[in-house]
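Descriptive analysis of the structure
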Amino acid sequence: MCLRRLRVVLMAACALVGSAQALAEVKPNALFTDHMVLQRDKPVKVWGTAAADEKVSVRIGEQSVDTTAKDGKWQVELKPLTAGGPHTLTIEGANKIELANVLIGEVWIASGQSNMQWTIKQSEDPEKVAAEARRPRIRLFTVKRDGASEPQENVEGRWDVCSPETVGDFSAVAYHFGAALHKQLDVPIGLISTNVGGTAAQRWTPKEVLDSTAELKKYAEEKNAGDLYNAMIHPLLKFRIKGAIWYQGESNAGEAHRYRVLFPAMIKSWRDRWDQGDFPFLFVQLAPWVPSNDPTNATWAELREAQLMTLSKSPNTAMAVITDVGDEKDIHPKPKKPVGERLALAARALAYGEKIEYSGPIFESLTTSGERAILRFKHAGEGLEVRGEKLTGFAVAGEDKKFHNAEAKIEGDTVIVSSSEVNAPLAVRFGWANYPAVNLWNKNGLPGSPFRTDSWPGVTEGK
């Protein structure tokens, strides 16, 4: 009996020693692993856990920063680093951790729902894309998909070197975006994929933002309000980034009118909490698709309009239009390379200051002359063009608010729209359908965004 008690006491003592040792171990946040990318040209935070009052030292290159853990947590800030590597990031306290093959470059967040989540394996030409993906200076991190009722401090995931073996299960849009940027900038690229299929924007927005905004208060009462923000965005907030790309909206189409407020509120909430100013936020307008449950054929058109309106409501944003890569029967169109590359064009302009055209034509103004409606556009680039024999997708209405398919033609930097059914046009719509058949482009190779010139009540107003 005495020996048995002694054995129990010894086991308990060993357990306490082991527990103390585990507590004393210096650990970085899970975002810090081998093969990671740190944002260049900005002060970089490194943080983690350790025993209370434990001395912690962080070293990279010629920099070394010391701190003392408080309440089991520590954090240091490195001075801005220049692009390059590989480096070793050393974190030392009672124990020593060496993170190998660390690069300094450009870090981007890739978030949204299933069309951002959709992997290389699920997209167009998966074998060819993977075979060409041996790009060791691109690094990939996929955040484990999860929700939480309260903001979290950590995520699960790891950094992988981009290769044919690792790229297949990574976001296709994010990969093509990163590949295009890497080709242009010739610096390391870090991509953090944090997205969940079938999710609405309110789940990516802090609950207190929803609760404090009159138009969004109803969302704060939902069971999963803000849960994806808590688990998959909040833990990233200390990590220095260049910007974010976003592909979402399908799950909010039924309440598209409210998305006019929700989407800008979400963007602002991220920027406020990331504390990096109005970093570039680049998003994708919904692709054409035919929902089986929308007899009005307009909910997706109204969601696209809400996305378009976000450009003027939220500074330093851009929108990739993809009316040419939809699939009538598939909500997940397979071509993802054009999507990523158009987002990269926007990044080159907004984030890196290149003097390039990064958007297709966007409606600017309407004037009328007799039976003619005269449209002018921003982002006409090198000029407007039609892809096909004649322009399609235009409709015009008069005082009766009834729209009729219209003839449209390009005259200089304008589009002239008319219909024999409408003597005095008041409003024009372009691509106003869930699955628009449109062919207005600019000569820079970018399609025009669907739009309407009227503000007459839509099918989602009041929902």
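Read on for a plain summary of the structure.

Reading the values: rules and limits
Residues numbered from 1 in each chain as written. Predicted model: local features only at pLDDT ≥ 70, side-chain atom pairs only at ≥ 80, totals over all residues. Heavy atoms only, no water. 1 Å grid on protein atoms, 1.4 Å probe; cavity = no way out; pocket = protein on both sides within 12 Å on 5 of 7 lines; lining within 4 Å. Points joined across faces, edges and corners; volume = space filled by probe spheres on them. Helix = DSSP H or I, 4+ residues; strand = E, 2+ residues; numbered from the N terminus. Nonpolar A, V, L, I, M, F, W, Y, C, P; charged D, E, K, R; others polar. Pairing = 2+ DSSP bridges.

1. Quick notes on the layout of surface pockets
Volume-wise, the largest pocket comes out at about 470 Å³. Lining of the largest pocket is provided by 22 residues; of these, His176, Ala179, Ala180, Lys337 and Glu341 occupy positions nearest its centre. If you list the elements that add at least two residues to the lining of the largest pocket, you get helix 3 (126-131), helix 4 (172-185) and helix 10 (337-350). It is helix 4 that contributes the most residues to the lining of the largest pocket, 6 residues altogether. For the lining of the largest pocket, the residue count by class is 8 nonpolar, 3 polar and 11 charged. As a volume, the second largest pocket reaches approximately 400 Å³. Taken together, 20 residues line the second largest pocket, and the ones lying closest to its centre are Leu308, Met309, Ile362, Phe363 and Lys378. With 5 residues, helix 9 (residues 299-313) is the single largest residue contributor to the lining of the second largest pocket. Taken together, the residues of the lining of the second largest pocket sort by class into 9 nonpolar, 6 polar and 5 charged.

2. Quick look at the pairing of strand 15 (residues 362-369)
Looking at chain direction, strand 15 and strand 16 (residues 372-378) are connected through 7 bridges and run antiparallel. Across the sheet, the residue bridging to Ser369 is Arg372, located in strand 16. In this antiparallel pair of consecutive strands, strand 15 and strand 16, the connection spans 2 residues, and Gly370 shows a positive phi of 65 degrees.

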